[in-house]
Amino acid sequence: MCTVVIPLYDKAAYLQPALDSVYAQTLAPAEHLVVNDGSTDGGDAIARRQSDPRVRVIEQPNRGVSVARNVGLEAAREPFVAFLDADDCWRPGFLRAMREAIEAVPGAVLYAAGFELVAGGVPQRRYAVAGPPVAGPREGDYFAASRREHPLHLSTTGVSRAAALAAGGFPAGVAFCEDWSFWCRMALRGRVVLMPEILADYDVDVPGQAVAAWADR
């Protein structure tokens, strides 16, 4: 049912833990696509060394993370795609919760869970569905949820592959908040389902522009 897409650019130090978090899932994905976006630090070699036959490495010259994700979307063989950045880690129940959400609320274009910022392995702050606790996945208003400080994170997002391709995928050449642009266009096309669980860790110790922005929140 699900393809995992991992864009990779110079994240050799983090890639194996990210892949290990996929292997640790209580529900295994059908395939793992690592889209190597012209890495120069040997991360691509780590991806090719994986013994799991479901791991497929796609090579391209450096064209940016949006293009890498779009290449993964186009190459995916399953109807749903779950994104995992190469420097993030899923918690073991992520893909199972994603499938349960798809079964509970079929026909949505975007499914998303909560996540936690960590630094040096130490939890910093949680982001999840705002408001009172809910027992399970529910259809929500993405734009209203964002105003209440429920920002989504790519590494806890699963999408309908067909809907994502119809929306044009991620905006090529956009260096910052390209994910927000994608989510907005997806939310305008169909229903969004929000899950209350915290199902990924976002490491703010990793250098990067987006991380600097999160660290100030």
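Student: Is there a simple way to think about helix α3 (residues 65–75) in this case?
Tutor: Turn by turn, an α-helix covers 3.6 residues, leaving residues three or four places apart pointing in a common direction. In terms of burial, α3 is largely enclosed, as 8 of its 11 residues are buried. Along α3, the residues that are buried comprise Ser66, Val67, Ala68, Arg69, Asn70, Val71, Gly72 and Leu73.

Student: It is not clear to me how the side chain of Arg69 should be interpreted in this structure. Could you clarify?
Tutor: Within the secondary structure, Arg69 sits in helix α3. Residue Arg69 is classed as buried on the basis of its relative accessible area, which comes to 3%. Those residues within four positions of Arg69 in sequence are excluded, and the remaining contacts are Val5, Pro7, Phe83, Asp85, Leu154, Phe170 and Glu178.

Student: Honestly, the pattern of salt bridges in this entry has me stumped. Any pointers?
Tutor: Side-chain pairs of opposite charge can arise where the charged atoms are in close proximity. In total, this model carries 11 salt bridges according to the counting rule given. A salt bridge links Arg69 to Asp85; the nearest nitrogen and oxygen atoms lie 3.0 Å apart. On the criterion of sequence distance, the pair formed by Arg69 in helix α3 and Asp85 in the loop between β4 (80–83) and β5 (88–90) is long-range, its members being 16 residues apart. Notably, a salt bridge pairs Arg99 with Glu103, separated by 3.8 Å at the nearest N-O pair.

Student: Quick question: what am I supposed to make of the nonpolar core here?
Tutor: Ile6, Leu15, Trp90 and Tyr111 are the most contacted members of the largest nonpolar core, which has 38 residues in total. Elements supplying a minimum of two residues to this core: β1 (2–8), α1 (12–23), α2 (43–48), β4, α4 (94–104), β6 (110–119) and β10 (192–203). If near-sequence neighbours (up to four positions away) are discounted, Ile6 is found in contact with Leu15, Leu19, Leu33, Val34, Val35, Leu84, Asp85 and Ala86. If you look at the next biggest cluster of nonpolar residues, it comprises 29 residues, including Ala68, Ala76, Tyr142 and Ala187.

Student: Teacher, can you tell me more about the packing of aromatic side chains here?
Tutor: Working definition: an aromatic ring pair is given by the centre-to-centre distance plus the angle between the planes. Taken as a whole and assessed by the stated rule, the structure comprises 8 aromatic pairs. Their ring planes at 85 degrees and their centres at 6.4 Å tell us that Phe83 and Phe182 sit as a pair that is edge-to-face. Residue Phe83 is found in strand β4, and its partner Phe182 is found in helix α7 (residues 178–189); the two are separated by 99 residues along the sequence. Across the pair, Phe182 and Phe83 agree in class, each one buried. Seen in terms of ring centroids, Phe170 and Phe182 are 4.0 Å apart; in terms of plane orientation they differ by 20 degrees. Their pairing is stacked. Here the residue Phe170 occupies a position in the loop between α6 (161–166) and α7, and Phe182 occupies one in helix α7, the gap between them amounting to 12 residues. A relative accessible area of 2% means that Phe170 is categorised as buried.

The rules behind the values
- Residues numbered from 1 in each chain as written.
- Predicted model: local features only at pLDDT ≥ 70, side-chain atom pairs only at ≥ 80, totals over all residues.
- Heavy atoms only, no water.
- Buried < 20%, exposed > 50% of the residue type's maximum accessible area, 1.4 Å probe, protein only.
- Helix = DSSP H or I, 4+ residues; strand = E, 2+ residues; numbered from the N terminus.
- Contact = heavy atoms within 4.5 Å.
- Salt bridge = Lys/Arg side-chain N within 4 Å of Asp/Glu carboxyl O.
- Core = buried A, V, L, I, M, F, W, Y, C linked by side-chain atoms within 4.5 Å.
- Phe/Tyr/Trp six-rings, centres within 6.5 Å; stacked < 30°, edge-to-face > 60°.

Any functional reading would require information that these geometric values do not contain.
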